[in-house]
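Okay, here's what each chain looks like letter by letter:
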Amino acid sequence: MLRSQKLLNSLIAKLENNLGVLQGAPTSENQTTSEEQKSELPDFSEAPHDLFEQIDIRVGRIIECWRHPDSEKIYCEKIDIGEENPRQIGSGLQKDVPIESMSGLVLVMANLKPRKLAGFPSEGMVLAVKVGESFDLVRPAEGSEVGERIGVEGGRLPQKSALERVLNPKKKVLEKCVPYLVTNSAGEACFGDKRLITSQGIIQTPASNSSIS
């Protein structure tokens, strides 16, 4: 179990690296070419939808955001996801998103094991989409209800429901699902080849054919 927990922590750390939590953007020396990236893409039609049902992504609203006192990369947020109390979540987005934009509706991966980012206890992860060499928040349409769980086209409808249990690192669900969190050619958020939806419809992002983390 310890090995599985280390693997999960490694994956989450890698996602946070992408958002600048642990280091800056990669240099041109270690960036892959577009051809290499394409060759590494999974077959989206084979996305593990049965495993995706174990990942709990909720509509949240940022109600407070401040810069981490000891980090130039991390924002500290209080986010309402429909629970009795708002969650504290850390996001490595200082270099990408102006603090004035750190408000409003966002998507939160809500059933990750809590962990500390530069000493700040983080109870989830705000989803962002890669836009060029930067990142932007993935935002549901206005009118989406805080606390609703996102659905998937042709599958589970968006709904208010009890939170899924915290992911078991031994089963490596997150590792298997993350490569399929992407946007399509229209910039719509997808899991594999199925679009993600809230009660207000498809989730539109500012980047096409990109990754979400």
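The preceding data block contains the structure.
Computed from a predicted model, the values in this text were never measured in an experiment. (Residues numbered from 1 in each chain as written. Predicted model: local features only at pLDDT ≥ 70, side-chain atom pairs only at ≥ 80, totals over all residues. Heavy atoms only, no water.)

Student: Tell me about the overall build of the protein chain, residues and numbers included.
Tutor: Across its full length, the protein chain carries 4 helices and 14 strands. Expressed as a percentage of the 213 residues in the protein chain, the buried residues total 45%. For the protein chain, contacts bridging at least 24 residues in sequence account for 66% of all contacts bridging at least 6. Here the protein chain has roughly 10800 Å² of accessible surface; of this, 48% comes from carbon and sulfur atoms. (Helix = DSSP H or I, 4+ residues; strand = E, 2+ residues; numbered from the N terminus. Buried < 20%, exposed > 50% of the residue type's maximum accessible area, 1.4 Å probe, protein only. Contact = heavy atoms within 4.5 Å. Areas by Shrake-Rupley, 256 points an atom, 1.4 Å probe, with all protein chains shown as cover.)

Student: Any chance you could break down the nonpolar core for me, citing the residues and the numbers?
Tutor: Grouped together as the largest cluster of nonpolar side chains are 30 residues, with contacts concentrated most on Ile55, Leu107, Met109, Leu127, Phe191 and Leu196. Listed in part, the 16 residues of the second largest apolar core include Ile89, Leu93, Val108 and Ala128. (Core = buried A, V, L, I, M, F, W, Y, C linked by side-chain atoms within 4.5 Å.)

Student: I'd like a description of the packing of aromatic side chains, backed by residues and values.
Tutor: A full pass over the atoms with the stated rule returns 3 aromatic pairs. Arranged with centres 4.2 Å apart and planes meeting at 20 degrees, the rings of Phe52 and Phe191 form a pair that is stacked. On the criterion of sequence distance, the pair formed by Phe52 in helix H3 (residues 49-52) and Phe191 in strand S12 (residues 189-191) is long-range, its members being 139 residues apart. Residue class for Phe191 comes out buried when judged on its relative accessible area of 0%. The interplanar angle of 55 degrees and the centroid separation of 5.9 Å between the aromatic rings of Tyr180 and Phe191 together place this pair among those described as tilted. Taken together, the residues span a long stretch of sequence, with Tyr180 in the loop between helix H4 (173-177) and strand S11 (181-183) and Phe191 in strand S12 at a distance of 11 residues. We classify Tyr180 as buried; its relative accessible area is 12%. Within the aromatic cluster, the residues linked to one another by ring pairs are Phe52, Tyr180 and Phe191. (Phe/Tyr/Trp six-rings, centres within 6.5 Å; stacked < 30°, edge-to-face > 60°.)

Student: Lay out the pairing of strand S4 (residues 104-109) with the relevant residues and their values.
Tutor: Each regular strand carries side chains that alternate between the two faces of the sheet. Here S4 lies mainly inside the structure; 6 of its 6 residues are buried. As judged from the 6 bridges shared by strand S1 (residues 57-67) and S4, these two strands associate in the antiparallel manner. Counterpart to Val59 in the pairing with S4 is Leu107. In this sheet, strand S7 (residues 125-126) lies alongside S4 in antiparallel orientation, the contact comprising 2 bridges. Note on S7: the bridge partner recorded for Val108 is Val126. (Pairing = 2+ DSSP bridges.)

Student: Account for the pattern of salt bridges, naming residues and giving values.
Tutor: The final tally for this structure, using the stated rule, is 9 salt bridges. Across the salt bridge formed by Arg58 and Asp56, the nearest N and O atoms sit 2.5 Å from each other. Judged on exposure class, the residue Arg58 and its partner Asp56 are both buried. Across the pair Arg195 and Glu188 runs a salt bridge, and its minimum N-O distance is 3.3 Å. For Glu188, a relative accessible area of 12% gives the class buried. One connected set of salt bridges, linked through shared partners, spans Asp56, Arg58, Arg149 and Glu164. (Salt bridge = Lys/Arg side-chain N within 4 Å of Asp/Glu carboxyl O.)

Student: How would you summarise the side chain of Gln94 if you had to cite specific residues and measurements?
Tutor: Within the secondary structure, Gln94 is located in the loop between strand S3 (87-91) and S4. According to the relative accessible area criterion, Gln94 is buried, its value standing at 18%. Among the polar contacts made by the side chain of Gln94, one reaches the main-chain carbonyl oxygen of Ile74 at a distance of 2.6 Å. In contact with Gln94, other than residues within four places in its own chain, are Arg67, His68, Ser71, Glu72, Lys73, Ile74 and Tyr75. (Polar contact = N/O pair within 3.5 Å; in protein donor to acceptor, adjacent residues only side chain to side chain.)

Student: Help me get a handle on the sheet that holds S4, residues and values and all.
Tutor: Adjacent strands of a sheet pair through backbone hydrogen bonds, lying either parallel or antiparallel. Strands sit in the order S3-S2-S1-S4-S7 across an open sheet of 5 strands; the sheet is antiparallel. Edge strands, defined here as strands with exactly one partner in the open sheet, are S3 and S7.

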